[in-house]
Amino acid sequence: SIQRFASARNYKFKVFSVGSIFWFAFSDKNIQKAEDIDHASMEKFKLLHRELLNRGIYLGPSGYEVGFVSAAHSKIELEKAKRAIFESLDIVFKGK
């Protein structure tokens, strides 16, 4: 999973989900509402967003938005997205 990947690399990054809704946070805290998000983490989100776009994966352009997975996403598409997220996280955190 994406969380296992990030945790194994000690990235300050968490994946949250409720049903088919998900959101990412560049934090080690529990993020339940927008006010919980550190505004400074948006710089990392912007880089993640750009790297994902470069790999054909579109997330909402704001780190304050959630994403959705639906039955329209095939296993192949989800696997492609996961690999793109792994590659993008490595870029985001390469200069830790």
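### What about the environment of Asp-28?
- When you line up the elements, Asp-28 lands in the loop between strand S2 (21–25) and helix H2 (42–54).
- The exposed category is assigned to Asp-28, whose relative accessible area is 54%.
- Here the alpha-carbon distance between Asp-28 and Leu-78, two residues 50 residues apart in the chain, equals 25 Å.
- With residues up to four places along the chain from it excluded, the contact list for Asp-28 reads Lys-12 and Lys-14.

### Concerning the layout of surface pockets
- The volume enclosed by the largest pocket comes to roughly 580 Å³.
- Lining the largest pocket are 22 residues, and of these Phe-22, Phe-68, Val-69, Leu-78 and Ala-81 sit closest to its centre.
- Every element with two or more residues in the lining of the largest pocket is listed here: helix H1 (2–8), S2, strand S3 (67–68) and helix H3 (75–93).
- Tallying contributions element by element places H3 first for the lining of the largest pocket, with six residues.
- Counted by class, the lining of the largest pocket contains 14 nonpolar, five polar and three charged residues.

### A few points about empty space enclosed by the protein
- Counted under the stated rule, the structure contains two cavities of 30 Å³ or more.
- Lining the largest cavity, in full, are Phe-22, Trp-23, Phe-24, Phe-45, Leu-59, Gly-60, Ser-62, Gly-63, Glu-65, Val-66 and Gly-67.
- For the lining of the largest cavity, the element with the most residues is S2, which contributes three residues.
- The residue makeup of the lining of the largest cavity, split by class, is six nonpolar, four polar and one charged.
- The space that makes up the second largest cavity amounts to roughly 70 Å³.
- Forming the boundary of the second largest cavity are Phe-24, Ala-25, Phe-26, Ser-27, Ile-31, Ile-37, Asp-38, Ser-41, Met-42, Phe-45 and Gly-63.
- Those elements that place two or more of their residues in the lining of the second largest cavity are S2 and H2.
- Among the residues making up the lining of the second largest cavity, the classes are represented as seven nonpolar, three polar and one charged.

### Quick notes on the sheet that holds S3
- Pairing within the open sheet is antiparallel, and its three strands lie in the order S1-S2-S3. For this open sheet the edge positions go to strand S1 (14–18) and S3, each flanked by a neighbour on one side alone.
- Here S2 pairs with S3 via two bridges, running antiparallel. When the bridges of S3 are listed, Ile-21 appears paired with Phe-68.

### Topic: the packing of aromatic side chains
- For the coordinates displayed, the defined rule picks out eight aromatic pairs.
- Ring geometry for Phe-16 versus Trp-23: centroids 5.6 Å apart, planes at 15°, classification stacked. Of the two residues, Phe-16 and Trp-23, neither departs from the other in class, the shared state being buried.
- Here the aromatic residues Phe-5, Tyr-11, Phe-13, Phe-22, Phe-24, Phe-26, Phe-86 and Phe-93 are joined through ring pairs into a cluster of three or more.

Reading guide: rules and limits
- Residues numbered from 1 in each chain as written.
- Predicted model: local features only at pLDDT ≥ 70, side-chain atom pairs only at ≥ 80, totals over all residues.
- Heavy atoms only, no water.
- Helix = DSSP H or I, 4+ residues; strand = E, 2+ residues; numbered from the N terminus.
- Buried < 20%, exposed > 50% of the residue type's maximum accessible area, 1.4 Å probe, protein only.
- Contact = heavy atoms within 4.5 Å.
- 1 Å grid on protein atoms, 1.4 Å probe; cavity = no way out; pocket = protein on both sides within 12 Å on 5 of 7 lines; lining within 4 Å.
- Points joined across faces, edges and corners; volume = space filled by probe spheres on them.
- Nonpolar A, V, L, I, M, F, W, Y, C, P; charged D, E, K, R; others polar.
- Pairing = 2+ DSSP bridges.
- Phe/Tyr/Trp six-rings, centres within 6.5 Å; stacked < 30°, edge-to-face > 60°.

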